Amino acid sequence: MGIIVQKFGGSSVATLEKLEKVSEHIIEEINKKNQVVVVVSAQGKTTDRLIAEEKEVTKKVYPREHDVLVSVGEQITIAKLAMLLKSKNYNAVSLCGWQIPILTDSNYTNSRIRYIHNETINEYLRTGNIVIVAGFQGIDENGNITTFGRGGSDTTAVALAASLDAERCDIFTDVDGVYSADPRIVDTVKKIKTISYEEMLELSSMGAKVLHNRCVEIGKKYNIPIYVKSTFERKSLGTLVTNKESFLEDLTINGVTKDDYISRITIVGLENKIGKTYQLFKLLSENSINVDIIVQSFGEHITKDIAFTVKMNDLARTLEILEENKEKLSAKEILHSENLSKVSIIGVGIANKPGVAASMFEALYENNINMHMVTTSEIKISVLVDVNDSDLAVKAIHQKFFETENY
Ligand code: ADP
Ligand code: ASP
Ligand code: MG
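Since the model is a prediction, treat every value here as computed from it, not as a measurement. (Residues numbered from 1 in each chain as written. Chains lettered and ligands numbered in written order. Predicted model: local features only at pLDDT ≥ 70, side-chain atom pairs only at ≥ 80, totals over all residues. Heavy atoms only, no water.)

(A) Layout of the overall build of the protein chain. For the protein chain, the count of helices and strands is 12 helices and 20 strands. Counting over 407 residues, the protein chain shows a buried share of 51%. Of the roughly 19,800 Å² that the protein chain leaves accessible, carbon and sulfur atoms contribute 49%. Put simply, the protein chain has 47 plus and 55 minus side-chain charges, and the middle of one group is 3 Å from the middle of the other. (Helix = DSSP H or I, 4+ residues; strand = E, 2+ residues; numbered from the N terminus. Buried < 20%, exposed > 50% of the residue type's maximum accessible area, 1.4 Å probe, protein only. Areas by Shrake-Rupley, 256 points an atom, 1.4 Å probe, with all protein chains shown as cover. Lys, Arg positive; Asp, Glu negative; His and termini not counted. Charge placed at Lys NZ, Arg CZ, Asp CG, Glu CD.)

(B) Structural view of the sheet that holds strand S16 (residues 294-296). Read from one edge of the open sheet, six strands run S16-S17-S15-S18-S20-S19, paired in antiparallel fashion. The sheet is open, and its two edges are formed by S16 and strand S19 (373-377), each paired on a single side. With direction set aside, neighbouring strand axes in the sheet form an average angle of 25°. Across eight bridges, the pairing between strand S15 (residues 252-271) and strand S17 (residues 303-311) is antiparallel. Of the residues in S17, the one forming a bridge with Ile-262 is Lys-311. Packed on one face of the sheet, helix H11 (residues 355-366) meets S15, strand S18 (333-348), S19 and strand S20 (380-386) and runs near 20° to S20. Sitting on the sheet, helix H12 (residues 390-404) is in contact with S15, S18 and S20, with an inclination near 130° to S15. (Pairing = 2+ DSSP bridges. Axes fitted to C-alpha atoms, helices over the stretch in contact; angles between N-to-C directions. Contact = heavy atoms within 4.5 Å.)

(C) View of the site of ligand 2. All residues in the neighbourhood of ligand 2 are listed as Ser-41, Ala-42, Thr-47, Glu-74, Phe-136, Arg-150, Gly-151, Gly-152 and Ser-153. For ligand 2, an oxygen atom lies 2.7 Å from a polar atom in the side chain of Arg-150. One of the backbone N or O atoms of Gly-152 is found 3.4 Å from an oxygen atom in ligand 2. In isolation ligand 2 has 260 Å² of accessible area, and contact with the protein removes 87% of it. Of the residues assigned to the shell around ligand 2, the class counts are two nonpolar, five polar and two charged. (Near = heavy atom within 4 Å. Polar contact = N/O pair within 3.5 Å; in protein donor to acceptor, adjacent residues only side chain to side chain. Nonpolar A, V, L, I, M, F, W, Y, C, P; charged D, E, K, R; others polar.)

(D) A look at the site of ligand 1. Around ligand 1 there are 17 residues in total, and Thr-173, Asp-174, Tyr-179, Asp-182 and Arg-184 lie nearest to it. A distance of 3.0 Å is found between an oxygen atom of ligand 1 and a side-chain nitrogen or oxygen belonging to Lys-7. In the environment of ligand 1, an oxygen atom lies 2.7 Å from a nitrogen or oxygen atom belonging to the side chain of Thr-173. Starting from 570 Å² of accessible surface for ligand 1 in isolation, the protein chains cover 89%. Split into classes, the residues belonging to the shell around ligand 1 amount to seven nonpolar, five polar and five charged.

(E) Molecular detail of the side chain of Ser-12. Among the structural elements, Ser-12 can be located in the loop between strand S1 (3-8) and helix H1 (16-31). For Ser-12, a relative accessible area of 0% translates into the label buried. Residues within four places of Ser-12 in sequence aside, it is in contact with Lys-18, Leu-19, Val-22, Phe-172, Thr-173, Asp-174, Thr-231 and Phe-232.

(F) Highlighting the packing of helix H6 (residues 153-163) against helix H8 (residues 213-222). Where H6 meets H8, the closest approach of the two axes is 8 Å, and the angle between their N-to-C directions is 15°. The pairing of H6 with H8 is recorded here as roughly parallel in orientation. In this structure, H6 meets H8 at a crossing whose hand is left-handed. In contact with Asp-154, Thr-155, Val-158, Ala-159 and Ala-162 of H6, H8 contributes Arg-214, Cys-215, Ile-218, Gly-219 and Tyr-222. Looking at side-chain class alone, the contact of H6 with H8 contains six nonpolar, two polar and two charged residues. (Parallel < 35°, antiparallel > 145°, perpendicular 65-115°, else oblique. Left-handed = near helix turned anticlockwise from the far one by under 90°.)

(G) Seen up close, the environment of Gln-137. Inspection of the secondary structure assignment puts Gln-137 in strand S7 (residues 137-139). Along the chain, Gln-137 and Ile-4 lie 133 residues apart, while their C-alpha atoms are 20 Å from each other. Sequence-distant contacts of Gln-137, that is, excluding residues within four places in its chain, are made with Ser-71, Glu-74, Cys-96, Gly-97, Ile-102, Thr-146, Thr-147, Phe-148 and Thr-156. Engagement of the side chain of Gln-137 in a polar contact is seen with the backbone nitrogen of Gly-97, the distance being 3.1 Å.

(H) Geometry of the sheet that holds strand S2 (residues 35-40). The strand order across the open sheet formed by eight strands is S3-S6-S2-S1-S9-S13-S14-S12, and the pairing between neighbours is mixed. Two strands in the sheet have a free side with no partner beyond their single neighbour: strand S3 (92-95) and strand S12 (194-196). Between one strand axis and the next, the sheet turns through 20° on average, direction left out of account. Contacts from helix H7 (residues 197-205) reach S12, strand S13 (226-230) and strand S14 (239-242) within the one sheet, and its direction differs from that of S12 by about 85°.

(I) Structural view of the nonpolar core. Of all hydrophobic cores here, the largest spans 42 residues; its most connected members are Val-37, Ile-121 and Leu-211. The greatest single-element share of this core, amounting to six residues, is contributed by H6. Setting aside its immediate chain neighbours within four residues, Leu-211 contacts Asp-154, Ile-171, Met-200, Ser-204, Val-216, Ile-226, Val-228 and Val-241. (Core = buried A, V, L, I, M, F, W, Y, C linked by side-chain atoms within 4.5 Å.)

Laid out in structure tokens, this is it:
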């Protein structure tokens, strides 16, 4: 008899009918004499709706109040699911993040978990309860409600599994595992049966939203087996994310991903002096702005240009900070473009096989897709394209690697 953590995402809990399905998965584990902790998301599009309502009040973001508002969705689901299980004569209790408590830092909208107090959950489990926890929320040391960023319920689940020393964490969702690309974009996708934490981390970080990237980091750190499977296909085998051994010289392309919420900022005419680039990125890091792809001109003249990408969510704040510091940075112009997408191919061994980049670029060329920026690492190549081209780019690259060429 062990502890199992199960997590059900927004589409899995969207209606009462679907909550019935969820309860079947929970009862199946209870019948195997396991103790079950369940993490749920807000129902269907509730979080999107709450954010739309927030925008009706004001366009400015008040991060603390944003978190108070968007954390509400999960509270509705935990109450309904606990009621449903009770009505079937199972002992169940709902808990919000603050009731556990799940302690976080105070970085509203994207807070990180510092510590989980297990006593409350363990006591409820000991007394025979199914514990139902609201995903994606916690509380900081001053008692403020915090949230973990979009998709953060996965992180609640794996963090609880680590903290409670659970046997495994099952992430139930609307697809039957992790595939070589988003099955909603490409219909010839291949299911990945087992994937290492490192490879999954890259897929998630590059936009495969099937798992929140921070949940993969926690899984890796505490060696928690994570199963991704379908809520609706009963005998779903899904995908196991684990410490898989991989042979370093094998070339395995895991998948193609995209992230449609990318913007690019170009600083034109930055003084070409030692320390200027450092000054720019230090300023951004002090303001917790995550910069991704960076391209700098050669700097053969008295000024240089630097272009870099940030997430769309960070664009307004980044521009504000740069404008305030324009003189200090001695920059001539600050330009930006929105509506860009980062399309990536991920796999171990990419860096050592030059043909991979050429094949990826060929797929884009054959489809008349322009690349705005390129970046490569040991296990990935990313290109920036117009957002309108991103689905086509994913399809074309997937076809090149998974259907045409023999990788
Ligand atoms: P949940 O609400 O259960 O958390 P999400 O919408 O966050 O579900 O994540 C599941 C979705 O992730 C799928 O519906 C699918 O469209 C998308 N997805 C993107 N990339 C992949 C991939 N490589 N494999 C599987 N699903 C993917
Ligand atoms: N409800 C939150 C969201 O939609 C958290 C989650 O679903 O994981 O982003
Ligand atoms: Mg999700």
